[in-house]
Amino acid sequence: MDEIDRNIAIALQQDGSAGLAELAKVSGLSVSATAERVKRLEERGVVRGWRADLDPAHVGCPLLGFIFVNLRPGRDDAAFRRAMLRHEHVLECHRVTGGWTFLLKLRVADLRAFEMFMEEELRGQPAVERIESLLAIATEKETAILPVAPATDEE
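Computed from a prediction, not measured in an experiment: that's the story for all the values here.

A. Geometry of the packing of aromatic side chains. Tallied over the full model, the rule gives two aromatic pairs. Consider the rings of Phe 80 and Phe 102, whose centres lie 4.9 Å apart with planes at 40°: the pair is tilted. With Phe 80 in helix 4 (residues 78-86) and Phe 102 in strand 3 (residues 102-108), this pair connects stretches of sequence that are 22 residues apart. The residues Phe 80 and Phe 102 share a single accessibility class, namely buried. Looking at Arg 130, its charged tip hangs above the ring of Trp 100, at a distance of 4.0 Å from the centre.

Written out as structure tokens, the structure is:
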């Protein structure tokens, strides 16, 4: 990724609804050349999709929770992974190092919904051995904006 692509990627993260004219100013290219760069970023998988950044409280899921999950040794985790992929309240599911197998990030309406998820979705999974949960009492920073690496001279 060269410096132009990097600048476009940063600008798109900050405002995904930026028009091509705005991106052209950032890139220093014409609108048509900028459009071609954005298209190439999509084709290469740098830009994976387009989303709005919604306020969790305004859309009914103000409670942020994290759950560590340990799977039973020797159990196939495929069913667990599929269930987590399907569940709309699971925002992130990471295989992690240390004493746990997975770390989940959830957004739900309230404590009752969080408890129901743990009881019905996790404890009901045959491979789940134990879980530990953490609730966020305040969020100082939450972002999906990635620190884009410095440009390379590939292009």
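Back to the write-up after that little detour.
B. Looking closely at the pattern of salt bridges. In the structure shown here, the tally under the stated rule is 10 salt bridges. One salt bridge connects Arg 44 with Asp 5, and the closest N-O pair in it is separated by 3.4 Å. With Arg 44 in the loop between helix 3 (31-43) and strand 1 (63-71) and Asp 5 in helix 1 (residues 3-14), this pair connects stretches of sequence that are 39 residues apart. A relative accessible area of 0% means that Asp 5 is categorised as buried. Close ionic contact of Arg 95 with Asp 77 constitutes a salt bridge, the shortest N to O distance being 2.0 Å. Taken together, the residues span a long stretch of sequence, with Arg 95 in strand 2 (residues 90-95) and Asp 77 in the loop between strand 1 and helix 4 at a distance of 18 residues.

C. Geometry of the sheet that holds strand 3. With respect to topology, four strands assemble into an open sheet ordered 2-3-1-4, the strand pairing being antiparallel. Edge positions in the sheet fall to strand 2 and strand 4 (128-135), since each of these pairs with one other strand and no more. Along the sheet, successive strands turn relative to each other by an average axial angle of 20°, direction set aside. Alignment of strand 2 against strand 3, held across five bridges, turns out to be antiparallel. Its bridge partner lying in strand 3, Val 90 is registered against Leu 106. Across the face of the sheet, helix 5 (residues 111-122) comes into contact with strand 1, strand 2, strand 3 and strand 4 while running at roughly 20° to strand 1.

D. Focus on the side chain of Ser 27. Mapped onto the secondary structure, Ser 27 falls in helix 2 (residues 20-27). Discounting chain neighbours no more than four positions away, the residues touching Ser 27 are Ile 4, Ile 8 and Thr 34.

E. Layout of the nonpolar core. The biggest cluster of nonpolar side chains holds 19 residues, and the ones touching the most others in it are Ile 67, Val 69, Phe 80, Met 84, Leu 104, Phe 117 and Leu 122. Looking at this core, the elements that each hand over two or more residues are strand 1, helix 4, strand 3, helix 5 and strand 4. If near-sequence neighbours (up to four positions away) are discounted, Phe 117 is found in contact with Ile 67, Met 84, His 87, Val 90, Leu 104, Leu 106 and Leu 122. With eight residues, the next largest nonpolar core counts Ile 8, Leu 12, Leu 41 and Val 47 among its residues.

F. Looking closely at the side chain of Gln 125. Inspection of the secondary structure assignment puts Gln 125 in the loop between helix 5 and strand 4. Residue Gln 125 is classed as buried on the basis of its relative accessible area of 14%. Apart from residues no more than four positions distant in its own chain, Gln 125 is found in contact with Ala 79, Phe 80 and Ala 83.

G. Examining the environment of Pro 126 more closely. For Pro 126, the location among the structural elements is in the loop between helix 5 and strand 4. Taking the C-alpha atoms as reference, Pro 126 lies 17 Å from Met 116; in sequence the two are 10 residues apart. The contacts of Pro 126, once residues within four sequence positions are left out, are Arg 72 and Arg 75.

The rules behind each value
Residues numbered from 1 in each chain as written. Predicted model: local features only at pLDDT ≥ 70, side-chain atom pairs only at ≥ 80, totals over all residues. Heavy atoms only, no water. Phe/Tyr/Trp six-rings, centres within 6.5 Å; stacked < 30°, edge-to-face > 60°. Helix = DSSP H or I, 4+ residues; strand = E, 2+ residues; numbered from the N terminus. Buried < 20%, exposed > 50% of the residue type's maximum accessible area, 1.4 Å probe, protein only. Lys NZ or Arg CZ within 6 Å of the ring centre and 35° of its normal. Salt bridge = Lys/Arg side-chain N within 4 Å of Asp/Glu carboxyl O. Pairing = 2+ DSSP bridges. Axes fitted to C-alpha atoms, helices over the stretch in contact; angles between N-to-C directions. Contact = heavy atoms within 4.5 Å. Core = buried A, V, L, I, M, F, W, Y, C linked by side-chain atoms within 4.5 Å.

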